[in-house]
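Letter by letter, the chains look like this.
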Amino acid sequence: MNKTIAIITKYFDALSEQQISQFEALAPLYKDWNAKINVISRKDIDELYEKHVLHALGIAKVMPFLPKATVLDVGTGGGFPGIPLAILFPETQFHLVDTIGKKIKVVDAVVAALALKNVTTAHIRAEKVQQEFDFIVSRAVTNMPDFVKWVRKKIKRKSNHSIKNGILYLKGGDLTEELAGFPNASLYELSAYFEEPFFETKKVVHLPLKYRLKQ
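A. Structural detail: the pairing of strand E2 (residues 93–98). The element E2 is largely enclosed, with a buried count of five among its six residues. Alignment of strand E1 (residues 70–74) against E2, held across five bridges, turns out to be parallel. Considered in E2, the bridge of Asp73 is made with Leu96. Between the parallel pair E1 and E2, the chain is carried across by helix H4 (residues 82–88), and the sense of this crossover is right-handed. Alignment of E2 against strand E3 (residues 119–123), held across five bridges, turns out to be parallel.

B. Geometry of helix H2 (residues 17–36). The end-to-end C-alpha distance of H2, which contains 20 residues, comes to 30 Å, matching closely the 28 Å that a straight helix rising 1.5 Å per residue would cover. Taken together, the buried positions of H2 are Gln19, Ile20, Gln22, Phe23, Leu26, Ala27, Leu29, Tyr30, Trp33 and Asn34. Here the buried face of H2 lies against helix H1 (6–11), helix H3 (48–62), H4 and helix H5 (101–114).

C. Summary view of the packing of H2 against H3. Two elements in contact, H2 and H3, have axes separated by 11 Å at closest approach and are oriented at 130°. With respect to their mutual orientation, H2 and H3 come out oblique. At the point where H2 passes H3, the crossing takes the right-handed sense. When H2 is examined against H3, the residues Phe23, Glu24, Ala25, Leu26, Ala27 and Tyr30 are found in contact with a partner set consisting of Leu48, Tyr49, Val53 and Leu57. Taken together, the residues of the contact of H2 with H3 break down into nine nonpolar, no polar and one charged.

D. A look at the sheet that holds E3. An order of E3-E2-E1-E4-E5-E7-E6 is seen for the seven strands of this open sheet, with the pairing classed as mixed. Lying at the two open borders of the sheet, with one neighbouring strand each, are E3 and strand E6 (186–189). Sheet twist, expressed as the average angle between the axes of neighbouring strands with direction ignored, equals 20°. Sitting on the sheet, H3 is in contact with strand E4 (135–139), strand E5 (166–172), E6 and strand E7 (202–208), with an inclination near 140° to E5. In this fold H5 packs onto E2 and E3, with an angle of close to 165° to the strand it touches most, E3.

E. Region of the structure containing the packing of aromatic side chains. All told, the structure shown has nine aromatic pairs when counted by the stated rule. Among the aromatic residues, those joined into a cluster by ring pairs are Tyr11, Phe194, Phe198 and Phe199. Sitting above the plane of the Trp33 ring, Lys36 keeps its charged end 4.4 Å from the centroid. A cation over an aromatic ring shows up here: Lys61 above the ring of Phe12, its NZ or CZ 4.4 Å from the ring centre.

F. Main features of the packing of H2 against H5. Their axes nearest at 10 Å, the elements H2 and H5 cross at an angle of 145°. The handedness of the crossing between H2 and H5 is right-handed. Between H2 and H5, the contacting residues are Gln22, Ala25, Leu26, Leu29, Tyr30 and Trp33 on the first element and Lys105, Val106, Ala109, Val110, Ala113 and Leu114 on the second. Broken down by class, the residue content of the contact of H2 with H5 amounts to ten nonpolar, one polar and one charged.

Conventions used here
- Residues numbered from 1 in each chain as written.
- Predicted model: local features only at pLDDT ≥ 70, side-chain atom pairs only at ≥ 80, totals over all residues.
- Heavy atoms only, no water.
- Buried < 20%, exposed > 50% of the residue type's maximum accessible area, 1.4 Å probe, protein only.
- Helix = DSSP H or I, 4+ residues; strand = E, 2+ residues; numbered from the N terminus.
- Pairing = 2+ DSSP bridges.
- Right-handed = clockwise from strand over helix to strand, strands pointing away.
- Expected span 1.5 Å × (residues − 1).
- Contact = heavy atoms within 4.5 Å.
- Axes fitted to C-alpha atoms, helices over the stretch in contact; angles between N-to-C directions.
- Parallel < 35°, antiparallel > 145°, perpendicular 65-115°, else oblique.
- Left-handed = near helix turned anticlockwise from the far one by under 90°.
- Nonpolar A, V, L, I, M, F, W, Y, C, P; charged D, E, K, R; others polar.
- Phe/Tyr/Trp six-rings, centres within 6.5 Å; stacked < 30°, edge-to-face > 60°.
- Lys NZ or Arg CZ within 6 Å of the ring centre and 35° of its normal.

Structure (structure tokens):
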């Protein structure tokens, strides 16, 4: 096994051979594409598995998605958190969107190389997405009040998971002020799941959203 993904198998020890192969393929794919189109900070590319892949999988520790669940990844950038989650949950459907076309080009190439059948993509603003989803995931693309405005009418009515349908947001630092207007938000400290120092200030925010009829 590729030593670079040891940090993944350390916390997710029930991966299939196919999933291990897919995770192993991420490093060469992103190193190649990042040389052409910068989708990951150059200083982070050598720490891809900790700072991007495992960080994305923090959402999985909070919410293991069910088969047939639908998840929207807003502002996916190079495919995070959507692609690692799609590898881990092959029976869950993921839709990855970004406003920057060249980033979606990279995502499409990675999805094709990994032969992920449970991922669709779109070069589109989140507000323009028409479908409804069980969960909406993202990695700190904006502040929570603005993010909620983008996605609040994209949640399915029926909840099938152990937590209510809504947002699962990867954020860091002190969120007291940002979440002051959302008393029903729950914070999950990633340091409770991962021992690496990088995760000491990292969190998953779960914000349940009520189903809203589209106008």
